[in-house]
Every structure is written in structure tokens, then in C-alpha cells.
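Here is how the chains run, residue by residue.
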Amino acid sequence: MSKDSSDFDYFDKFLDKTFGEGPIDPDNYSGDQIRKIHSIRERMRRINNPLQENGQIKDSDPDPALSDNSVRESDPSIRPKYQTVGYQKNAKVSDPLDNAKAGSHKNRLLTDEITMLAKTDFRKKLLRILLEHGDQVTSYSQLAQESKGKTYTVRKAMDCFEAQGVLQKEAVRTASYQGLQITLLLSEEKRKKYLEKLVSDQVSDRVSDPGVSSVSDPLLDRKKDKYQSIRDKLLSWTDKQMAEWFPSLFATNFRSANLKQAVEELEKRCKSLDLIPKSLEYAEWELAHGKMLDKEGKPVGNPESYVYVSLINKGVYRRHPEYVDPQEQAFKEEQERQEKLKEQQRLLEEQNFLDWKNSLDDQDLNRLDEERRSREFPLPKEAFLKEKWKSLTSS
């Protein structure tokens, strides 16, 4: 029984209006709803296009009249459908700019297809992992570990991939193993295109599950930058700089090569490099003052090896009890100087106040005392006089 094609067109428009035109968003509908929609659309496609099967036009009953080249040339509209590869009479030389535009358009279409399948960076990363492994037997926990996400998020993404026809998953249970059989439903051509696109877009392995906090820690970032800065500076030191900054240590044949070796050894053991500059200052001070002694209190025979071994083993060289950092000493001396200036200023102010107070006669003192008593909350006599003196000297 045949039906009017307008009925199907109306029903197709109704589906587009209800569910949206094009691919169905799996995040907005359940799996049953999506399968039902796909089933309806597939039936309509077969009814409207009886010669179309699996997206390809059947050519089982070609028109014999079209086998002649003259017919093909007379009707250009049918040429693309029946023209074989290599038949291009008087073909025009392609423009590289046009080819670039066409390639850009295809690239955008491919990006849109992948975005419809995997909206988030995490899903793109998971899709890339699935395409790389192909058909496999795995588990949600293993996929979560590879994609650095949560099992729940991976399970939800896999459900969406299955609803969109990307893959088919089936539980596998044996006496000793329980897993998930994944079969990709994409064609080999699409697998290759999608995988190349995802790899070229460089979906970083650092992209994590949205359920896991991916906000960078400013404090941790500053520590990383500081570590990298210290490392780069230490590796950039030359023998000339070592001789200028640490002359006594340099005289023992401790060179920039020793320093670089120490940095590499500490990096292998994941130890901090922060204390190396200070450690070299401690060693320089001991050598300059003849204080580099071993545990038995005897002078160290090979200072170069002694300092190097201490650095690679502990990441730091000891600080001598008598060592005083030049900057710390300068800061301490500046603090003492500031305190002395404040004390001198206080004594000067005290002397000026006493001179002013001694210059007052009895009449002035009585007048000031009456003014003090007239206040609602009178101050002590000495405090009131000092306040009065400060107001007079500041005006």
C-alpha cells in the first residue's frame, strides 16, 4: 500500500520540530527515546529512498542509454552520478586556493561531527582512547584510570556513545574475570579520520574529568615556577662566575660541572634545589675562615668532594654555628641603628618638654590646671602638660 510522500514530509518536519533537526542530543533524551527516534527516521528513509541502502545509491539497474559518452557530455547534471573515476574530458586545472578552502570546509565539518559526538574535552579524550585501542575487552574503572576521570563520568559518556551509534558495549563475565566488551560501529574510514583529527587537535592528557577539580592551584604554580627559575640559574653558572662568587671553594677545584652534576642527581631523587646557593655560601665561609672540619674535628682533606657529597646526599651543606649571613648582619645593624635614632629622638623630645615646663611660672601653671579640670574627663597633670606642649609645638 503506497502512501503520499507529503505525509512523510509532514511527519519528518514534525520530528524535526519535536526533537530538533539533525543528530539527537543524547544528553537530553533517554536511550529508549533515542533508539525509537532513530528507528522511525530509518523507516522513513527507506520508504522515501527505496534505492538507497546504507547511505549508498543502488546502481543495480543503470540506464543503458547513459553508457554512451555523448549522453554524459550532453547532460552535465547526470555526469557526477554515473561518471567513473578518471573520466574528465577537458578537465579544468584545480586552483590551490579553492582546494585550501574546500579542505578547510571539510575540516570544519569533521570538527562539527566530533563535537556532536563528544561535546566536552574529556569526552573527546575518551573517544580518542577508544579509537586508539579499537575493539577491546576492558572495564569502566580501567577506562577511568586511562582518561583520569571518575567511573561514573566514563559510564555516562559510554552510554552516550552507544546511543549515538559509535560503539556497542556488552558485559562479559567469566569465572575469573568481569569486564566490558566494546565493539566500535564506526567504519574504518571514519575511525581513521576521527583519530587523526583528535590527535591533531592535541587533546591534552591533562584534561581531566569535570567531576574532579581541574582548577590550578596558584600556590603550586608559583612553586613550580620558582623551582624552574632556580634550576635554570644554577645550570647557567659558569666557572668565571664561580671563581668570582666563591673564590675559596673554586680554589679547591669545585667547578660549575660539579654543580650541574649535583643538580641532576637531586632531580633524580626529587629533592629541592632551593638550599644549594646558601650551601655554597656556607662552604665558602668555612674555607675562608679555616672552619671546614670533619666529624672528628680535623681539617677536611678534600673540600671539593666533601661539599659535593653533602649536596647530592642531603641537598644542603651544613651551616656553621659561627656563620653570619652578610645580609642578615646588615639588616640587624640597620635595625639597631633605627632603634638608636628613635631613642635619641625620644630623649630630645623629653628634654624639650622639660625646658618648656620649667619656663612656665605659677600663674601659667594655675591657668593650665584650671583648663585641665574643666574637661569632662580630666587627664593626669603631667599627661595634660605634655599634650599641651605637643599642640603648641606642632602649630
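Rules used throughout
Residues numbered from 1 in each chain as written. Predicted model: local features only at pLDDT ≥ 70, side-chain atom pairs only at ≥ 80, totals over all residues. Heavy atoms only, no water. Helix = DSSP H or I, 4+ residues; strand = E, 2+ residues; numbered from the N terminus. Buried < 20%, exposed > 50% of the residue type's maximum accessible area, 1.4 Å probe, protein only. Contact = heavy atoms within 4.5 Å. Areas by Shrake-Rupley, 256 points an atom, 1.4 Å probe, with all protein chains shown as cover. Expected span 1.5 Å × (residues − 1). Pairing = 2+ DSSP bridges. Axes fitted to C-alpha atoms, helices over the stretch in contact; angles between N-to-C directions. Phe/Tyr/Trp six-rings, centres within 6.5 Å; stacked < 30°, edge-to-face > 60°. Lys NZ or Arg CZ within 6 Å of the ring centre and 35° of its normal. Salt bridge = Lys/Arg side-chain N within 4 Å of Asp/Glu carboxyl O. Parallel < 35°, antiparallel > 145°, perpendicular 65-115°, else oblique. Left-handed = near helix turned anticlockwise from the far one by under 90°. Nonpolar A, V, L, I, M, F, W, Y, C, P; charged D, E, K, R; others polar. Core = buried A, V, L, I, M, F, W, Y, C linked by side-chain atoms within 4.5 Å.

Peer 1: Would you mind going over the overall build of the chain in detail, with residue names and values included?
Peer 2: A tally of helices and strands in the chain yields 18 helices and 5 strands. Considering the chain as a whole, with its 395 residues, one finds that 26% of them fall into the buried category. Across the chain, the fraction of contacts at a sequence separation of at least 24, relative to all contacts at a separation of at least 6, is 59%. Counting every atom, the chain has about 27,900 Å² of accessible surface; 51% of that belongs to carbon and sulfur.

Peer 1: Run through helix 15 (residues 303-314), naming residues and quoting values.
Peer 2: The first and last C-alpha atoms of helix 15 sit 16 Å apart over 12 residues, in line with the 16 Å expected at 1.5 Å per residue. Among the residues making up helix 15, those that are buried are Pro303, Val307, Tyr308, Ser310, Leu311 and Ile312. For helix 15, the secondary structure elements touched by its buried residues are helix 12 (247-250), helix 13 (256-268) and helix 14 (276-288). In the segment just after helix 15, Gly315 is the residue with positive phi, at about 80 degrees.

Peer 1: Residue-level account of the environment of Leu234, with values.
Peer 2: Checked against the element boundaries, Leu234 lands in helix 10 (residues 218-236). Given the relative accessible area of 2%, Leu234 is considered buried. Linking Leu234 and Ile276, residues 42 residues apart in sequence, is a C-alpha distance of 8.6 Å.

Peer 1: Tell me what's going on with unusual backbone geometry, and back it up with residues and numbers.
Peer 2: Residue Lys148 is not a glycine yet carries a positive backbone phi of 60 degrees. Structurally, Lys148 is set in the loop between helix 7 (140-147) and helix 8 (151-163). Notably, Asn253 is not glycine yet its phi reads approximately 75 degrees, a positive angle. You can see Asn253 is positioned in the loop between helix 12 and helix 13. Judged by its relative accessible area of 44%, Asn253 is partly exposed.

Peer 1: Any chance you could break down the sheet that holds strand 5 (residues 178-184) for me, citing the residues and the numbers?
Peer 2: Strands belonging to one sheet form pairs held by backbone hydrogen bonds; the direction of such a pair is parallel or antiparallel. Strand order across the open sheet formed by 3 strands is 3-5-4, with antiparallel pairing between neighbours. Two strands lie at the open edges of the sheet, namely strand 3 (136-138) and strand 4 (167-173), each paired on one side alone. With direction set aside, neighbouring strand axes in the sheet form an average angle of 25 degrees. Note that strand 3 and strand 5 share 3 bridges and pair antiparallel. Looking across to strand 5, one finds that Gln136 is bridged to Ile182. Where helix 8 meets the sheet, it contacts strand 4 and strand 5, and its direction lies at approximately 125 degrees from that of strand 4.

Peer 1: An account of the packing of aromatic side chains is needed here, citing residue identities and associated values.
Peer 2: Per the stated rule, a full pass over the model turns up 7 aromatic pairs. Aromatic pair Trp237 and Trp245: ring centres 5.2 Å apart, planes at 75 degrees, arrangement edge-to-face. Seen in terms of ring centroids, Trp237 and Phe246 are 6.2 Å apart; in terms of plane orientation they differ by 40 degrees. Their pairing is tilted. Per residue, the accessibility class of Trp237 equals that of Phe246, and both read buried. These aromatic residues form a ring-pair network of at least three members: Trp237, Trp245 and Phe246. Positioned above the aromatic ring of Phe250 is the side chain of Arg255, whose terminal nitrogen or guanidinium carbon lies 3.8 Å from the ring centre. In this structure, Lys386 packs its charged tip against the face of Phe353, placed 5.3 Å from the ring centre.

Peer 1: Give me the pattern of salt bridges: which residues, what numbers.
Peer 2: Enumeration over the complete set of coordinates arrives at 23 salt bridges. Notably, a salt bridge pairs Glu281 with Lys278, separated by 3.3 Å at the nearest N-O pair. Within this pair, Glu281 and its partner Lys278 are both found in helix 14, separated by 3 residues, close to a single helical turn. The exposure class of Lys278 is partly exposed, given its relative accessible area of 29%. When salt bridges with common partners are traced through the structure, they connect Asp159, Glu162 and Lys169 into a single cluster.

Peer 1: Run through the packing of helix 13 against helix 15, naming residues and quoting values.
Peer 2: For the pair helix 13 and helix 15, the least separation of the axes is 9 Å and the interaxial angle reads 20 degrees. On the basis of the axis angle, helix 13 is roughly parallel to helix 15. Every pair of crossing elements has a handedness; the one defined by helix 13 and helix 15 is right-handed. Residues Asn258, Gln261, Ala262, Glu265 and Leu266 of helix 13 form the contact with helix 15, whose own contacting residues are Glu304, Tyr308, Leu311 and Ile312. Of the residues belonging to the contact of helix 13 with helix 15, the class tally is 5 nonpolar, 2 polar and 2 charged.

Peer 1: Tell me what's going on with the nonpolar core, and back it up with residues and numbers.
Peer 2: Counting 25 residues, the largest nonpolar core has Leu234, Phe254, Ile276, Leu280 and Val307 as its most contacted members. Going through the elements one at a time, helix 10, helix 13, helix 14 and helix 15 are the ones with two or more residues in this core. Counting residues per element, this core draws most heavily on helix 14, at 5 residues. Setting aside residues up to four positions removed in sequence, Val307 forms contacts with Leu249, Phe254, Ala283, Met292 and Tyr317. Residues Leu126, Ala144, Leu184 and Tyr194 belong to the second largest nonpolar core, which totals 24 residues.

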